[in-house]
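The residues making up each chain are set out below.
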Amino acid sequence: MHFQWYPGHMTKAKRQMQEDMKLIDLVIELVDARIPLGSRNPDIDELGRNKARLILMNKADLADERQTKAWMAYFQEKGYFTVKLDARSKAGMKAISEEIMKACREKIERDRRRGIKNRPVRAMVVGIPNVGKSTFINTYAGKACAKTGNKPGVTKGKQWIKLNKNVELLDTPGILWPKFEDQEVGLHLALIGSIKDEILNIDELSLELIRILKEKYPGVLQKRYGVEEDQANAELLLGIAVNRNCVKKGNEADYSKAAAVVIDEFRGGNLGRITLEFPES
Ligand code: G4P
């Protein structure tokens, strides 16, 4: 996964997206349901002005269902159509097709008034890296042609993938850059694995995760690792190291290994379905 956003890349990617926007009726924006705001780049609102908008809350299988529902209401209130999703499974297809039709009702009616029949809705998938754009396109279009990865600014001949008789999708997703100037957003992106681990301090990251879990999901750490939660975060991490037998030479606790365990298990959904951002805050 690339995560170096040089200004040149951003400008190119943005210009490409502006061009692509001229071809489409609908923007299908993927966000990560665990951090629905942090995984968006609000620039898309400007880029997608005057287009129908659908937000897919992807990786909903990993997020807290109650919060996902609240976030969907939040986005709907702001005028977006929205569906929750696990892009790896075809199960969401029907709901998405229905929502696309609702989101594009105006366009479809306008066509009808002008005597244009059966002109498919044209759509484009956008989102920051790692939200599941390629997975979504592959699952829904069943083609390997979505394997463009995260290469901002790569231009190819435009190809349309037919989703069904009413909808065509641009085969290359639009890549937005994450906005991690905000510390909290940066932390959330790091926790879900959207920032390269090599540039992160895993020990610190795990302590932040422990802090959030203690506050928002009390009992989760106790249940998983048998640790008391009313102790300092570093002590708690030590408890996890003991529970998971993370030891270094000389029988010393290996904090970094324990830190990696908690983070991996969080990312893999082993700690349960957890959301890091809440619409009410
Ligand atoms: P991108 O194009 O937006 O950059 O994202 P991509 O589809 O490459 O997906 C990034 C990772 O997220 C992939 O995992 C993918 O399998 C996973 N993923 C996508 N959608 C979902 C979802 O709804 N739920 C869950 N749990 N995971 C999802 P990976 O580990 O990078 O690759 P792999 O394990 O699929 O090989």
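As the structure is a prediction and not an experimental result, all values here were calculated from the model.

## Describing the overall build of the protein
For step 1, the next point in the chain: Scanning the protein from N- to C-terminus turns up 11 helices and seven strands.
For step 2, the next point in the chain: Its C-alpha atoms give the protein principal-axis dimensions of about 75 × 40 × 30 Å.
For step 3, the next point in the chain: Partitioning the contacts of the protein with sequence separation of at least 6, the portion at a separation of at least 24 is 69%.
For step 4, the next point in the chain: Distance between charge centres in the protein, computed from 48 positive and 39 negative side chains, equals 10 Å.

## Comments concerning the site of the ligand
For step 1, the next point in the chain: Close to the ligand lie 17 residues; D61, A87, N130, K133 and T135 are nearest.
For step 2, the next point in the chain: Within the contact set of the ligand, an oxygen atom lies 2.9 Å away from a side-chain nitrogen or oxygen of K59.
For step 3, the next point in the chain: The backbone of G132 places a nitrogen or oxygen atom 2.9 Å from an oxygen atom of the ligand.
For step 4, the next point in the chain: When isolated, the ligand has an accessible area of 710 Å², and the protein chains bury 63% of it.
For step 5, the next point in the chain: When residues in the shell around the ligand are grouped by element, the largest group, three residues, is from helix α6 (residues 133–141).
For step 6, the next point in the chain: Across the shell around the ligand, the residue classes break down as six nonpolar, six polar and five charged.

## Comments concerning the pattern of salt bridges
For step 1, the next point in the chain: In this structure the tally under the stated criterion is 22 salt bridges.
For step 2, the next point in the chain: Here R88 makes a salt bridge to D61, at a shortest N to O gap of 3.0 Å. Of this pair, R88 sits in the loop between β3 (81–84) and α4 (93–103) while D61 sits in the loop between β2 (52–58) and α3 (65–77), and the two are 27 residues apart along the sequence.
For step 3, the next point in the chain: By relative accessible area, R88 is classed as exposed at 60%.
For step 4, the next point in the chain: Of the charged contacts, one joins E265 and R224 as a salt bridge, the two residues approaching to 2.9 Å between their closest N and O atoms. Taken as a pair, E265 in helix α11 (residues 255–267) and R224 in helix α9 (residues 220–225) lie far apart in primary sequence, 41 residues in all.
For step 5, the next point in the chain: Linked through salt bridges whose partners overlap, the residues forming this network are E29, R40, D45 and R53.

## A word on the nonpolar core
For step 1, the next point in the chain: Core analysis: the biggest nonpolar cluster contains 71 residues, and L26, I28 and F136 have the highest contact counts within it.
For step 2, the next point in the chain: Per-element tally for this core: the top contributor is α11, with six residues.
For step 3, the next point in the chain: Residues lining this core come from more than one domain, with at least three contributed by each of domain 1 (8–171) and domain 2 (201–267).
For step 4, the next point in the chain: Once residues lying within four places of it in the same chain are set aside, the contact partners of L26 are A52, R53, L54, I100, A103, C104, V121, R122, A123 and M124.
For step 5, the next point in the chain: Within the second largest apolar cluster, 10 residues are counted, among which are V31, A60, M72 and F75.

## Here we look at the environment of L170
For step 1, the next point in the chain: Locating L170 in the fold gives a position in strand β6 (residues 167–170).
For step 2, the next point in the chain: A sequence separation of 146 residues divides L170 from I24, and the C-alpha atoms of the two residues are 8.5 Å apart.
For step 3, the next point in the chain: Residues within four places of L170 in sequence aside, it is in contact with D20, A123, M124, I137, K158, Q159 and W160.

## Here's the deal with the environment of N201
For step 1, the next point in the chain: Here N201 is to be found in the loop between α7 (183–191) and α8 (202–216).
For step 2, the next point in the chain: In this structure, the C-alpha to C-alpha distance between N201 and A190, residues 11 residues apart in sequence, is 10.0 Å.
For step 3, the next point in the chain: A distance of 3.1 Å separates a polar atom in the side chain of N201 from the backbone nitrogen of E204.

## As for the side chain of E99
For step 1, the next point in the chain: Along the polypeptide, E99 turns up in helix α4.
For step 2, the next point in the chain: Once residues lying within four places of it in the same chain are set aside, the contact partners of E99 are L54, F81, T82 and V83.

## Notes on unusual backbone geometry
Across residues other than glycine, the phi torsion is negative in most instances, and most of the peptide bonds are trans.
For step 1, the next point in the chain: For K59, which is not glycine, the phi dihedral falls at a positive 60 degrees.
For step 2, the next point in the chain: Inspection of the secondary structure assignment puts K59 in the loop between β2 and α3.
For step 3, the next point in the chain: In the Ramachandran plot, N245 falls in the positive-phi region, its phi being about 60 degrees despite a non-glycine side chain.
For step 4, the next point in the chain: Assignment of secondary structure puts N245 in the loop between α10 (233–243) and α11.

## Details of the packing of aromatic side chains
Two measures describe an aromatic ring pair: the distance that separates the ring centres and the angle between the ring planes.
For step 1, the next point in the chain: In this structure the tally under the stated criterion is five aromatic pairs.
For step 2, the next point in the chain: Measuring from centroid to centroid gives 4.6 Å for F136 and Y140, while their planes differ by 35 degrees, and the two rings are tilted. Of this pair, F136 and Y140 are both found in helix α6, four residues apart, which corresponds to roughly one turn of the helix. Accessibility classification places F136 together with Y140 in one group, the buried group.

## Structural notes on the pairing of strand β5 (residues 160–164)
For step 1, the next point in the chain: For β5 and β6, the ladder comprises four bridges, and the chain directions are antiparallel. Within the sheet, the bridge partner assigned to K162 lies in β6 and is E168.
For step 2, the next point in the chain: What sits between the antiparallel neighbours β5 and β6 is a turn of two residues.

Conventions adopted
- Residues numbered from 1 in each chain as written.
- Predicted model: local features only at pLDDT ≥ 70, side-chain atom pairs only at ≥ 80, totals over all residues.
- Heavy atoms only, no water.
- Helix = DSSP H or I, 4+ residues; strand = E, 2+ residues; numbered from the N terminus.
- Contact = heavy atoms within 4.5 Å.
- Lys, Arg positive; Asp, Glu negative; His and termini not counted.
- Charge placed at Lys NZ, Arg CZ, Asp CG, Glu CD.
- Near = heavy atom within 4 Å.
- Polar contact = N/O pair within 3.5 Å; in protein donor to acceptor, adjacent residues only side chain to side chain.
- Areas by Shrake-Rupley, 256 points an atom, 1.4 Å probe, with all protein chains shown as cover.
- Nonpolar A, V, L, I, M, F, W, Y, C, P; charged D, E, K, R; others polar.
- Salt bridge = Lys/Arg side-chain N within 4 Å of Asp/Glu carboxyl O.
- Buried < 20%, exposed > 50% of the residue type's maximum accessible area, 1.4 Å probe, protein only.
- Core = buried A, V, L, I, M, F, W, Y, C linked by side-chain atoms within 4.5 Å.
- Domains from an automatic or database assignment.
- Phe/Tyr/Trp six-rings, centres within 6.5 Å; stacked < 30°, edge-to-face > 60°.
- Pairing = 2+ DSSP bridges.

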